[in-house]
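# Residue-level structure breakdown
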Amino acid sequence: GINSLKTNNEFYKNTFSLPGSLKWNNYVAAWKEGVGAYYLNSILVTGISVIAILLVSTMTAYLITRFEFKCKKIIIAFLIGGMFVSPQTAIIPLYNLLHGMRLYNTYFSMIIPIVAFRLSFSFFMLYPAFKEFPKELEEAAELDGANKLQQFKHIILPSIKTIVTLNIILSITGSLSAFEPPYVITGGTFGTATYFVMMNSLAHEKGKIGLAAAMAVVLMGLIFIVTIFQHVSGGSFGDRCGYSGTEQE
């Protein structure tokens, strides 16, 4: 944050010193560089990615813990094993795959990798919560006429809202910090705010360190706002779903 208010000379003289005077022109310069478009790309990609991650991981964890079918253990091992795949090692095959599917240089070419790489971790977090959830509550709701979807929406999700909220925050953070997809798969055409920060951080000869620092502050501010919002709204999540998570007949 301090470096975003420094001149280029102040930064190279002493990275950890306070600025001689507060200079907000780095934020103005960032806007003139077209940072608004990068920011909108980040919001769009992150929003779609997080929704997709949450829907797929919660439904997958629910289906696996509630129904018996063949090869279930293999599917669980496959899903959890995805956490051991590094995005850096898979980026070239992913590039070839998306290029062959004619999705190269599109928003989907950023969203699909983010969802794919975050899905395993999301499932890993949710699986124990779904597995340990008392089935007696579901059986009681079924006797009251609630179908499987209503049980999932009004009983299970509100009861594990802490894990779901943490999952959302981590998914947002992971999506916003993703750098490889916009750099390798889109060539920067559909670059995100993270791409903008990294490219300007590497442009030492152009003197854009302060500009990159200013954008980094804005990006961290977005993550901070999302975290605070989730913390404040988390307490009423169950009430909005129509179930407090503690009451049972």
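The coordinates are above.
This report concerns the structure included in the present document.

Basis of the calculations
- Residues numbered from 1 in each chain as written.
- Predicted model: local features only at pLDDT ≥ 70, side-chain atom pairs only at ≥ 80, totals over all residues.
- Heavy atoms only, no water.
- Buried < 20%, exposed > 50% of the residue type's maximum accessible area, 1.4 Å probe, protein only.
- Helix = DSSP H or I, 4+ residues; strand = E, 2+ residues; numbered from the N terminus.
- Arc of directions from axis to C-beta.
- Contact = heavy atoms within 4.5 Å.
- Axes fitted to C-alpha atoms, helices over the stretch in contact; angles between N-to-C directions.
- Parallel < 35°, antiparallel > 145°, perpendicular 65-115°, else oblique.
- Left-handed = near helix turned anticlockwise from the far one by under 90°.
- Nonpolar A, V, L, I, M, F, W, Y, C, P; charged D, E, K, R; others polar.
- Phe/Tyr/Trp six-rings, centres within 6.5 Å; stacked < 30°, edge-to-face > 60°.
- Salt bridge = Lys/Arg side-chain N within 4 Å of Asp/Glu carboxyl O.

## So, helix H4 (residues 72-81)
All of the buried residues along H4 are Lys-72, Ile-76 and Leu-79. For H4, the buried positions fall inside an angular range of 65° around the axis, keeping them on one side. In this structure, H4 carries Lys-73, Ile-74 and Phe-78 as exposed residues pointing more than 90 degrees from its buried face. Against helix H3 (35-66) and helix H6 (108-132) lie the buried residues of H4.

## A look at the packing of helix H7 (residues 135-143) against helix H8 (residues 148-159)
Between H7 and H8, whose axes approach to 10 Å, the crossing angle comes to 125°. If you check the angle between H7 and H8, you find them oblique. With respect to the hand of their crossing, H7 and H8 are arranged in right-handed fashion. Residues Leu-137, Glu-138, Ala-141 and Glu-142 of H7 lie in contact with H8, whose contacting residues are Lys-148, Gln-151, Ile-155 and Ile-156. For the contact of H7 with H8, a count of residues per class yields 4 nonpolar, 1 polar and 3 charged.

## Some words on the packing of aromatic side chains
For the structure on display, the rule yields 5 aromatic pairs. A centroid spacing of 5.5 Å and a plane angle of 35° characterise the contact between Phe-123 and Tyr-127, whose relative ring orientation is tilted. Taken together, the residues Phe-123 and Tyr-127, both in helix H6 and 4 residues apart, mark about one turn of the helix. Tyr-127 shares its class with Phe-123; the two are buried. Taken together, the ring pairs in this structure connect Tyr-62, Phe-67, Phe-130 and Phe-152 into an aromatic cluster.

## With respect to the environment of Ala-61
Mapping Ala-61 onto the fold places it in helix H3. As for Ala-61 and Tyr-127, which are separated by 66 residues in sequence, their C-alpha atoms are 5.2 Å apart.

## Concerning the pattern of salt bridges
The full count for this structure, using the stated rule, is 2 salt bridges. Arg-66 serves as the salt-bridge partner of Glu-138, at 2.8 Å between the closest nitrogen and oxygen. One end of the pair, Glu-138, is in helix H7; the other, Arg-66, is in helix H3, with 72 residues separating them in the sequence. Residue class for Glu-138 comes out buried when judged on its relative accessible area of 4%. When its relative accessible area of 16% is taken as the criterion, Arg-66 is described as buried. Across the salt bridge formed by Lys-72 and Glu-68, the nearest N and O atoms sit 3.1 Å from each other. On the accessibility criterion, Glu-68 (72% relative accessible area) is exposed.

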